[in-house]
Amino acid sequence: MPEPPGELPARGYRNGQIASWLYKKGAREWSEMTDLPRRLREELEREWRISEFALVQAFPSSDGSVKYLFTLHDGSRTEAVYLPYADRKTVCISSQVGCPAGCVFCATGRMGFGRNLTGPEILDQVLAVAHHQGLAPREIRNVVLMGMGEPLLNYQNVAWAVRRMLNKNALAMSPRRLTLSTVGIPRGIRRLAEEGPGVKLALSLHAPDDETRRRIIPTAHRYAIAEIMDAVRAYFDQTKRRVTIEYTMLRGVNDHDWQARELATLLRGLVAHVNLIPFNPWEGAPVTGSGKKRIRRFAALLEEAGLPVTVRWSRGVDVGAACGQLALKEG
Ligand code: SAH
Ligand code: SF4
């Protein structure tokens, strides 16, 4: 079956009407589109589906965030998270079912790889979450590609969804409000820089040295930090957007003083911001998180070296909705 909101079905100005229903008003049924001729609506109903999800389940956290579990039409499942920060409603979306990268600290990595999500499946997470929150799609002010999967290993479909989010006739988002987080795939970063949607880039670095990085991130055997950083610099040169460096704090692995100093040296000259992420625990994880004192000390060392740094105290930990906890466990 064709997949709107993939390619829109009607021609000419009807497409504009349909886009307005889908992206401005957040319609989830063809029958809602009352200004379309009835025959067209019936035809659309028969031949085109609006939602990519056969089932949507919501798991509210005590802190206000909500984890959504989506069952796709082929029975695969994926997850997104709604984060109602006061001034900017944010949705964290997935790009793949599971993830082939297999980082040892990440529950998604542990579950293995299912399949790539299609462009419409990636986009529809935003529309479905907005709908369930009683919001118009454009009220979602921020989207972060930080759910399940490695977006740059599903480049084309992610790029399709990103273009739809930025498109003036679709979600009309500002590229500054869309963040793509990657484990560090140099050719993907360069391609994104060249094709120029100008979204914000977050790099999951997690270690300043290749040896430590290879202990926790299997793809680090293929791509050295120097090669990744070259691509990140190219991204900055092209977009002039400050890059976020993500760093999940793992006890006794990457949280030593010397690693903070080495990180500061590595990032010297780059317009970057370091985001320290306390480890979000999951059952069977082979690593543990650094304590609060250690995280503060690590942050202080980076600050002393002149790096902007924040600590991302995660939301949704109690329902398994925090970064790296998405692994299709219910609630
Ligand atoms: N695949 C992409 C995006 C998804 S993961 C990437 O790796 O960047 C989003 C962020 O959560 C990444 O920085 C990732 O390293 C981090 N993360 C994964 N598991 C985590 C965990 N258990 N606790 C804290 N952060 C985690
Ligand atoms: Fe994949 Fe990112 Fe998890 Fe690594 S941290 S396994 S790249 S989702």
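In this text the structure is predicted, and so the values were computed from the model without any measurement.

**Structural notes on the site of ligand 1**
With respect to spatial proximity, 20 residues lie near ligand 1, and among them Gly149, Ser181, Ser204, His206 and Asn280 are the closest. Contact distances for ligand 1 include 2.6 Å between an oxygen atom and a side-chain N or O atom of His206. For ligand 1, whose accessible area on its own is 530 Å², the fraction buried by protein is 96%. Broken down by secondary-structure element, the contributors of at least two residues to the shell around ligand 1 are β8 (178-182), β10 (243-249) and β11 (272-278).

**Notes on the side chain of Thr244**
For Thr244, the position within the fold is in strand β10. Thr244 sits in the buried class, given a relative accessible area of 17%. Ignoring sequence-local partners within four residues, the contact set of Thr244 consists of Leu201, Ala202, Leu203, His273 and Asn275.

**Examining the site of ligand 2**
Near ligand 2 you find Cys99, Ala101, Gly102, Cys103, Cys106, Gly109, Gly149 and Val183, and these make up its full shell. Class assignment for the residues of the shell around ligand 2 results in five nonpolar, three polar and no charged.

**Describing the confidence of the model for the protein**
Scored by pLDDT, the protein has a mean of 92; 95% of the residues are at 70 or more. In this model, residues 1-5 is a region of pLDDT below 50 whose contacts with residues beyond four sequence positions or in other chains number 26 contacts.

**Quick word on the nonpolar core**
Buried together is how nonpolar side chains tend to be arranged in soluble globular proteins. By size, the foremost hydrophobic cluster in this structure holds 98 residues, and its most contacted members are Met165, Leu276 and Leu302. Per-element accounting of this core gives the leading share, eight residues, to helix α5 (residues 155-166). Mapped onto the domain boundaries, this core takes at least three residues apiece from domain 1 (1-50) and domain 2 (51-319). Not counting chain neighbours up to four residues away, the residues in contact with Leu276 comprise Tyr247, Met249, Ile295, Phe298, Ala299, Leu302, Val309, Thr310, Val311 and Arg312.

**Notes on the sheet that holds strand β12 (residues 309-311)**
Strand order across the open sheet formed by 10 strands is β1-β2-β3-β4-β7-β8-β9-β10-β11-β12, with mixed pairing between neighbours. Strands at the two margins of the open sheet, each flanked by one partner only, are β1 (53-60) and β12. Ignoring which end each strand starts from, the neighbouring axes of this sheet average 20° apart. The sheet contacts of helix α4 (residues 119-132) involve β1, β2 (66-72), β3 (77-85), β4 (88-92) and β7 (142-145), and relative to β2 the element is tilted by about 130°.

**A short note on the packing of aromatic side chains**
For the structure on display, the rule yields three aromatic pairs. On the basis of an interplanar angle of 20° and a centroid distance of 4.1 Å, the ring pair of Phe53 and Phe70 is categorised as stacked. Of this pair, Phe53 sits in strand β1 while Phe70 sits in strand β2, placing them 17 residues apart in sequence. Of the two residues, Phe53 and Phe70, both sit in the buried class. Judged by centre distance (6.2 Å) and plane angle (10°), the rings of Tyr68 and Phe70 are stacked. Since its relative accessible area comes to 2%, Tyr68 is described here as buried. Through successive ring pairs, a cluster of aromatic residues spans Phe53, Tyr68 and Phe70. We note Arg88 situated over the ring of Tyr85; from NZ or CZ to the ring centre the distance is 4.9 Å. Positioned over the ring face of Trp313 is Lys292, at 5.6 Å from the centre of the ring.

Scoring rules and cut-offs
- Residues numbered from 1 in each chain as written.
- Chains lettered and ligands numbered in written order.
- Predicted model: local features only at pLDDT ≥ 70, side-chain atom pairs only at ≥ 80, totals over all residues.
- Heavy atoms only, no water.
- Near = heavy atom within 4 Å.
- Polar contact = N/O pair within 3.5 Å; in protein donor to acceptor, adjacent residues only side chain to side chain.
- Areas by Shrake-Rupley, 256 points an atom, 1.4 Å probe, with all protein chains shown as cover.
- Helix = DSSP H or I, 4+ residues; strand = E, 2+ residues; numbered from the N terminus.
- Buried < 20%, exposed > 50% of the residue type's maximum accessible area, 1.4 Å probe, protein only.
- Contact = heavy atoms within 4.5 Å.
- Nonpolar A, V, L, I, M, F, W, Y, C, P; charged D, E, K, R; others polar.
- pLDDT = per-residue confidence, 0-100.
- Core = buried A, V, L, I, M, F, W, Y, C linked by side-chain atoms within 4.5 Å.
- Domains from an automatic or database assignment.
- Pairing = 2+ DSSP bridges.
- Axes fitted to C-alpha atoms, helices over the stretch in contact; angles between N-to-C directions.
- Phe/Tyr/Trp six-rings, centres within 6.5 Å; stacked < 30°, edge-to-face > 60°.
- Lys NZ or Arg CZ within 6 Å of the ring centre and 35° of its normal.

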